Amino acid sequence: MTSKITPRIEINLEKIRHNTKVLKKLYGEKGIQISGVVKGVCANLEVARTLVEAGITSLADSKIENIRKMKMAGLKSKLILLRTPALSEVQQVVEFADISMNTELEIIRALSAEARRQNKIHSIIIMVEMGDLREGILPKDAPAFIREVLRLPGIELAGIGTNFACFGGVVPTVKKMQEFSNLVNEIQKEFQIKLPIVSGGNSANYTWLMNTHDAGSVNNIRLGESILLGRDPVSGKVIPGLYPDAFYFVAEVIESKLKPSVPSGIRGRNAFGERISFEDHGLMRRAIVGVGRQDVLVSGLSPVLPVEIIGSSSDHIILNTKQIHLKPGEEVAFFLNYGALLSVMTSPYVYKTYTRQTSKRYNSLTRTPA
Ligand SMILES: *Cc1c(COP(=O)(O)O)cnc(C)c1O
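This is a predicted model, so every value here is computed, not measured. (Residues numbered from 1 in each chain as written. Predicted model: local features only at pLDDT ≥ 70, side-chain atom pairs only at ≥ 80, totals over all residues. Heavy atoms only, no water.)

Undergrad: Can you walk me through the overall build of the protein in this structure?
TA: Across its full length, the protein carries ten helices and 16 strands. Looking at the protein as a whole, 48% of its 370 residues are labelled buried. Intrachain contacts of the protein at a sequence separation of at least 6 include 65% that bridge at least 24 residues. Mean positive and mean negative side-chain charge positions of the protein (47 and 36 charges, respectively) differ by 3 Å. (Helix = DSSP H or I, 4+ residues; strand = E, 2+ residues; numbered from the N terminus. Buried < 20%, exposed > 50% of the residue type's maximum accessible area, 1.4 Å probe, protein only. Contact = heavy atoms within 4.5 Å. Lys, Arg positive; Asp, Glu negative; His and termini not counted. Charge placed at Lys NZ, Arg CZ, Asp CG, Glu CD.)

Right, dumping it as structure tokens:
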């Protein structure tokens, strides 16, 4: 298998399609539609198309460049900008996004003016802060904020949303979700409106979903990680029935030698300003793969083989290969967490390859794809 190019990420579109379908059904049974969040794959068009094929009707990303890319590709889906626009992006947001998420009146006013200029209606979702302390207006400010928004020409209030577990690690419990639902109901009553979208969170809402019989007013959830990596980010566990290995990162051995386990000579800080301590285990089988921190969040990689990552620099990852003899030219596969996936998909140095065979997985004993 050494004839293939490295470093590469192998993207299994069929596994992603499967994960999407299972989650769509699971959420759908409780009256919740899924928006597919593609920022973890840099809005890769093959992945985005796969989500649409699997029945997703709205795709979301935090970067307007990615929204533009999907718009240009003509994907049959609504496009949602997940992050509140910067004032400097307002023109592009109105041009390319169907919906944007917002928390600042000043920016919504600018969207309103721009929408009138472009002769469009721009839809917004107002994000409400429920305790995680990233984006969102405070619940007590919601009525005055919404009153103001409803006055703005060119702006349609498409919904209200909230977000959990992204900054403060706050878990969307049944109680928190009830509070959010109640808040939305009060707003709908006060303004005599029915909001088409009530977006209650992200992949971290999985446990809430499983434990709730009544989703209240929530009718939308934005899913990235659980579709792509098949995991519940709160517990870190694989969701039953989903593939956790739709992505493999594959690098190539460029050096393999028996070397001491402790550096020799007077030591200062390394190229990244770190001081690393070493334990003496005598001679050790060490291999280097030709990829490093410029391309991947190394801490988010787990080797499929029973080898260990000792450390990394910009362009090298150093492995303790223990009992395994790796030769130059051999490939080493890694599982990725969300951070590693994000970095690899953003790196222009990592080749993106695609497969649809669900039988394909790396076997830790034979070292070759099964
Ligand atoms: C990233 C993001 C999501 C998706 O989160 P996952 O944990 O990947 O499901 C949803 N909503 C917002 C606002 C985000 O920024």
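Undergrad: It is not clear to me how the domain arrangement of the protein should be interpreted in this structure. Could you clarify?
TA: Interfaces are frequently sized by the accessible area removed from exposure as the parts join. By the assigned domains, the protein splits into domain 1 (31-229) and domain 2 (247-355). Domain 1 and domain 2 are separated by 38 Å when their C-alpha centres are compared. Between domain 1 and domain 2, the contact holds nine residues from the first and ten residues from the second. At the boundary of domain 1 with domain 2, total buried surface from both sides reaches about 920 Å², with 72% on carbon and sulfur atoms. Here domain 1 is connected to domain 2 by zero salt bridges. For the side of domain 1 that touches domain 2, the class distribution of residues is four nonpolar, two polar and three charged. (Domains from an automatic or database assignment. Buried area = accessible area lost by both parts, 1.4 Å probe. Salt bridge = Lys/Arg side-chain N within 4 Å of Asp/Glu carboxyl O. Nonpolar A, V, L, I, M, F, W, Y, C, P; charged D, E, K, R; others polar.)

Undergrad: Explain the site of the ligand here, please?
TA: Neighbouring the ligand are 13 residues, the closest being Lys39, Ser203, Arg222, Gly224 and Glu225. At 2.7 Å from an oxygen atom of the ligand is found a side-chain nitrogen or oxygen belonging to lysine 39. The side chain of serine 203 places a nitrogen or oxygen atom 2.5 Å from an oxygen atom of the ligand. Taken by itself the ligand offers 390 Å² of open surface, and the protein chains cover 94% of this. Classifying every residue of the shell around the ligand by side-chain character gives four nonpolar, four polar and five charged. (Near = heavy atom within 4 Å. Polar contact = N/O pair within 3.5 Å; in protein donor to acceptor, adjacent residues only side chain to side chain. Areas by Shrake-Rupley, 256 points an atom, 1.4 Å probe, with all protein chains shown as cover.)

Undergrad: It is not clear to me how the side chain of serine 181 should be interpreted in this structure. Could you clarify?
TA: Tracing the backbone shows serine 181 in helix α7 (residues 174-191). If sequence neighbours within four positions are ignored, serine 181 has contacts with Ala215, Gly216, Ser217 and Val218.

Undergrad: I would appreciate a short explanation of the packing of helix α5 (residues 105-117) against helix α6 (residues 142-151) in the present structure.
TA: Where α5 contacts α6, the axes come no closer than 10 Å and their chain directions differ by 10°. On the basis of their axis angle, the class for α5 and α6 is roughly parallel. Between α5, through Leu105, Ile108 and Arg109, and α6, the contact on the second element is made entirely by Phe145, Glu148 and Val149. Of the residues belonging to the contact of α5 with α6, the class tally is four nonpolar, no polar and two charged. (Axes fitted to C-alpha atoms, helices over the stretch in contact; angles between N-to-C directions. Parallel < 35°, antiparallel > 145°, perpendicular 65-115°, else oblique.)

Undergrad: Can you help me understand helix α10 (residues 338-346) in this one?
TA: Because the α-helix completes a turn every 3.6 residues, residues three or four places apart line up on one side. Among the residues of α10, Tyr338, Ala340, Leu341, Val344 and Met345 are the ones counted as buried. Relative to the axis of α10, the buried residues are bounded by an arc of 160° and lie together on one face. Buried-residue contacts for α10 involve β1 (8-12), α9 (225-229), β10 (247-260), β12 (301-303), β15 (331-336) and β16 (351-355). For α10, the N-terminal cap is asparagine 337; the gap from its side-chain oxygen to the backbone nitrogen of glycine 339 is 3.1 Å. (Arc of directions from axis to C-beta.)

Undergrad: Would you mind going over the environment of lysine 140 with me for this structure?
TA: Along the chain, the position of lysine 140 falls in the loop between β6 (122-128) and α6. Sequence-wise, lysine 140 and leucine 183 are 43 residues apart; in three dimensions their C-alpha atoms are separated by 9.6 Å. Side-chain polar atoms of lysine 140 contact the side chain of aspartate 141, separated by 3.1 Å.

Undergrad: Can you walk me through the UniProt feature "transmembrane region" (unreviewed entry) in the protein in this structure?
TA: Within the UniProt annotation, "transmembrane region" (unreviewed entry) is assigned to residues 332-351. What you have in residues 332-351 is 45% helix and 30% strand, and the ends, taken at the C-alpha atoms, are 15 Å apart. (UniProt positions renumbered as here; feature names shortened; annotations may be inferred.)

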